[in-house]
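Chains, contacts and geometry: an overview
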Amino acid sequence: MKKVTNYGSFSHMLENNEKISDYASSLVESCISVYKTISSQLLPTPVKSHYTFNLRDLSKTFQGILMADVKSIESVSELIKLWYHESCRVFQDRLINDEDRNWFTNLLKEKMKNNFNLEYSDVIQAEPVIYG
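Because the structure is a prediction, the values reported are computed rather than measured.

A look at the environment of Val-129
Here Val-129 shows up in the segment after helix H6 (120-123). A relative accessible area of 13% means that Val-129 is categorised as buried. Each C-alpha atom of the pair Val-129 and Cys-88 lies 8.7 Å from the other, and the pair is 41 residues apart in sequence. Once residues within four sequence positions are removed from consideration, Val-129 is found in contact with Lys-81, Tyr-84, His-85 and Ile-124.

Re the confidence of the model for the protein chain
Looking at the protein chain as a whole, its pLDDT mean stands at 86, while 88% of the residues score no less than 70. Least confident of the elements in the protein chain is helix H1 (residues 8-14), whose mean pLDDT is 65; most confident is helix H5 (residues 98-116), at 95.

A few points about the nonpolar core
In terms of nonpolar packing, the biggest core is built from 38 residues, with Phe-53, Ile-80, Trp-83, Tyr-84, Phe-91, Phe-104 and Met-112 touching the most fellow members. Mapped by element, the contributors of at least two residues to this core are helix H2 (24-41), helix H3 (55-66), helix H4 (76-90), H5 and H6. Ranked by residues supplied to this core, first place goes to H4 with eight residues. Not counting residues within four places of it along the chain, the set of residues in contact with Tyr-84 comprises Thr-105, Leu-108, Met-112, Tyr-120, Ile-124, Glu-127 and Val-129.

Section: H5
For H5, spanning 19 residues, the distance from its first C-alpha to its last is 26 Å, which sits close to the expected 27 Å at 1.5 Å a residue. Inspection of H5 places Asp-100, Phe-104, Thr-105, Leu-107, Leu-108, Lys-111, Met-112 and Phe-116 among the buried residues, and these make up the whole buried set. Taken around the axis of H5, the buried residues stretch over an arc of 155 degrees, which confines them to a single face. Exposed and facing more than 90 degrees away from the buried side of H5 are Asp-98, Glu-99 and Asn-114. On the buried face of H5, the contacting elements are H2, H4 and H6. Once H5 finishes, Asn-117 follows within two positions and takes phi at roughly 55 degrees, a positive value.

Remarks on the environment of Tyr-23
On the secondary structure map, Tyr-23 appears in the loop between H1 and H2. C-alpha of Tyr-23 to C-alpha of Phe-116: the two residues are 93 residues apart in sequence and 8.3 Å apart in space. In contact with Tyr-23, not counting residues within four places along its chain, are Leu-14, Val-76, Leu-79 and Phe-116.

Observations regarding the packing of H3 against H4
Between H3 and H4, whose axes approach to 9 Å, the crossing angle comes to 140 degrees. Here H3 lies oblique to H4, going by the angle between them. Of the two possible hands of crossing, H3 and H4 adopt the one that is right-handed. Mapping the contact onto sequence places Asp-57, Lys-60, Thr-61, Gly-64 and Ile-65 in H3 and Leu-82, Trp-83, Glu-86, Ser-87, Arg-89 and Val-90 in H4. Taken together, the residues that form the contact of H3 with H4 break down as four nonpolar, three polar and four charged.

What counts and what doesn't
Residues numbered from 1 in each chain as written. Predicted model: local features only at pLDDT ≥ 70, side-chain atom pairs only at ≥ 80, totals over all residues. Heavy atoms only, no water. Helix = DSSP H or I, 4+ residues; strand = E, 2+ residues; numbered from the N terminus. Buried < 20%, exposed > 50% of the residue type's maximum accessible area, 1.4 Å probe, protein only. Contact = heavy atoms within 4.5 Å. pLDDT = per-residue confidence, 0-100. Core = buried A, V, L, I, M, F, W, Y, C linked by side-chain atoms within 4.5 Å. Expected span 1.5 Å × (residues − 1). Arc of directions from axis to C-beta. Axes fitted to C-alpha atoms, helices over the stretch in contact; angles between N-to-C directions. Parallel < 35°, antiparallel > 145°, perpendicular 65-115°, else oblique. Left-handed = near helix turned anticlockwise from the far one by under 90°. Nonpolar A, V, L, I, M, F, W, Y, C, P; charged D, E, K, R; others polar.

Here it is in structure tokens:
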């Protein structure tokens, strides 16, 4: 698969804020990685027949992030909090038990640490994250 380096409107949105503009590619790659992981790990079963994830879900995550006013995002941790909120809104809200929700939270914690060098506790102070 060819690696995408032009992230279109997402890069354009972030380039208007120099505090977070360098994180566009990491954020896109994190979103795609979360989508691929959840699609391959949380497969549908008779009890979880609605665990079917597709590119529309990934698109909804990006659309939610793009709806934010980029000028109001003051730091990388605020951008990651927005990403966390949108990922939970799109994916975690569909999960039906604590085991799956905790698995998803741990996945996002891992992405925060590996892709942005941020600890979960530095970004998220309280659950649920309400971003507005």
